Amino acid sequence: MSLLYLGASPELPSSRNRSPGLSLIKKPRDAMKSLSSVVVSLFFWANTTTACTGFAGLHDHFLPINGTLAVENQIPLNAAGYGVSDFGHGAYMVTDGAYQTLVLVSTTGVVVVDAPPTTGHKLQWAIGNLTTTPVRWFIYSHSHSDHAGGAYLFANQSHPKVTTISHENTASQLATARDPHRPVPQVTFKDRYTLVAGNQTLELFFPGIGHDLGNIIIFAPKQKVLMMVDQIYAGWVPFWNLAASVYVPGWIQAHDQLLAYDFDVYLGGHMGGPANRTAVKVQREYVHDLYDNCAEALIKSGNPENPTVDIAAISKEVLTNNPYNIWAQFAVYLDAVADLCYNKTSDKWLGKLAAQDIFGFSHARTMVSSLRLDYDILGPNDVQP
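Residues numbered from 1 in each chain as written. Predicted model: local features only at pLDDT ≥ 70, side-chain atom pairs only at ≥ 80, totals over all residues. Heavy atoms only, no water.

Visitor: Outline helix 2 (residues 121–130), listing residues and values.
Guide: Listing the buried residues of helix 2 in full gives Lys122, Leu123, Ala126 and Ile127. Taken around the axis of helix 2, the buried residues stretch over an arc of 140°, which confines them to a single face. Residues of helix 2 that are buried sit in contact with strand 4 (91–95), strand 5 (100–105), strand 6 (110–113) and strand 7 (135–139). (Buried < 20%, exposed > 50% of the residue type's maximum accessible area, 1.4 Å probe, protein only. Helix = DSSP H or I, 4+ residues; strand = E, 2+ residues; numbered from the N terminus. Arc of directions from axis to C-beta. Contact = heavy atoms within 4.5 Å.)

Shown next, in the form of structure tokens:
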């Protein structure tokens, strides 16, 4: 797939470090940079991290989103602080600009999917301005409180006529959490569940563990609206550490599972306005590039011809200065591999998907870890002759 800038190519900031102590924004990195400088810079970072404040990047300048695909995904907010998209046939999206909720108005009641606490009471106001029909169903997309922390506004003892629904894993997580803001759902399912609400239908499907233990796909077939939260970030790279996913292979596979649906509108739970099929394809391409680049970096790390990632060369230098410190040896090695992967991925994606300069290195780190532990791509740590 060929991706085009929507505007002028953004100017790179003068300096930004994406991996500890390494200047990564100027792409590609100098291939002749000595191993010593890599190791020294990594250890400088490691030894001074505790002295840094939580606001270390407060005044940093990141790449602008103008010129990236993110500008396609904006929706205006009203004076009350929320925006609404009408998909027809009673299906709506309500957003506060950062989070999304699916609202389905039926002849017998309203279905609400997720209630982000940042939207809070504004979600109730939005629904009240759409219909006088009461909320009768509340669906958890998954357990995370940033999407479900306002569930109690619709589903608690003061709303006995609201039926709450989730995957069985989500119900188990919420039972353990004992959070009054996220009541334990009354109805659970294992694989599939079809909700028929008056003249509306929602199909719920569990694709397997990925972002969370019970993250589900929600599909409104009449309106061709598809929703899976924290899976696709239209116009943006995924959140930190590949959407903080608990099982990366499942999260990657979900891209293809989504594309198997016949949908026109996609809701990912974040980043303002609704998206479409192209957004899913674009992110799939980014993730597959990341996978390939990190796998290549791991394979190169067993070759002495690549001294900046060669585990033998790194181990010798690190252990000379830090005898018997195996964690130090491995930390420097893994960051060097992730660094190589991040830089190659950035050659294509920096300035196309928004915030690749911010979360891209965390994606490389997470992918390297998953390749080693989940996909058995161990590079020089594979079975020895």
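The discussion continues.
Visitor: Outline the packing of aromatic side chains, supporting the account with residue identities and numerical values.
Guide: With the rule as written, the count across this model stands at 11 aromatic pairs. Ring centres 5.5 Å apart and planes at 85° place the aromatic pair Tyr286 and Trp349 in the edge-to-face group. Remark: Trp349 occurs in helix 9 (residues 326–349) and Tyr286 occurs in helix 7 (residues 277–300); sequence separation between them is 63 residues. Each of the two residues, Tyr286 as well as Trp349, counts as buried. With a centroid separation of 6.2 Å and an interplanar angle of 85°, the aromatic rings of Tyr342 and Phe361 are classed as edge-to-face. Of this pair, Tyr342 sits in helix 9 while Phe361 sits in helix 10 (residues 356–373), placing them 19 residues apart in sequence. Of the two residues, Tyr342 and Phe361, neither departs from the other in class, the shared state being buried. Three or more aromatic residues link up through ring pairs in this structure, and these residues are Phe138, Tyr140 and Phe154. (Phe/Tyr/Trp six-rings, centres within 6.5 Å; stacked < 30°, edge-to-face > 60°.)

Visitor: Would you mind going over the state of the cysteines in detail, with residue names and values included?
Guide: Considering all chains together, one arrives at 1 disulfide under this definition. Shown here is the disulfide that connects Cys294 with Cys341, its sulfur atoms set 2.1 Å apart. On the sign convention where negative means left-handed, the S-S torsion of about -75° between Cys294 and Cys341 marks this disulfide as left-handed. In this pair, Cys294 sits in helix 7 while Cys341 sits in helix 9, placing the two residues 47 residues apart along the sequence. Neither Cys294 nor Cys341 differs from the other in exposure class; each is buried. (Disulfide = S-S within 2.5 Å.)

Visitor: Got a sec to walk through the nonpolar core? Specific residues and values, please.
Guide: For soluble globular proteins, nonpolar side chains are generally found buried alongside one another. Residues Leu290, Cys294, Tyr333, Val337, Leu353, Ala364 and Met367 are the most contacted members of the largest nonpolar core, which totals 40 residues. Among the secondary structure elements, those contributing two or more residues to this core are helix 5 (240–244), helix 6 (248–259), helix 7, helix 8 (311–321), helix 9 and helix 10. If one sorts the elements of this core by residue count, helix 9 sits on top with 10 residues. In contact with Tyr333, not counting residues within four places along its chain, are Leu298, Ser301, Val309, Ile311, Ile314, Pro380 and Asn381. Counting 25 residues, the second-largest nonpolar core is a separate cluster that includes Val113, Ile139, Ala220 and Val225. (Core = buried A, V, L, I, M, F, W, Y, C linked by side-chain atoms within 4.5 Å.)

Visitor: Residue-level account of the side chain of Thr366, with values.
Guide: Position of Thr366 among the secondary structure elements: in helix 10. Thr366 gets classed as buried once you look at its relative accessible area, which sits at 15%. In terms of polar contacts, Thr366 uses its side chain to reach the side chain of Asn241, at 3.3 Å. When near neighbours in sequence (up to four residues on either side) are disregarded, Thr366 contacts Asn241, Leu242 and Val248. (Polar contact = N/O pair within 3.5 Å; in protein donor to acceptor, adjacent residues only side chain to side chain.)

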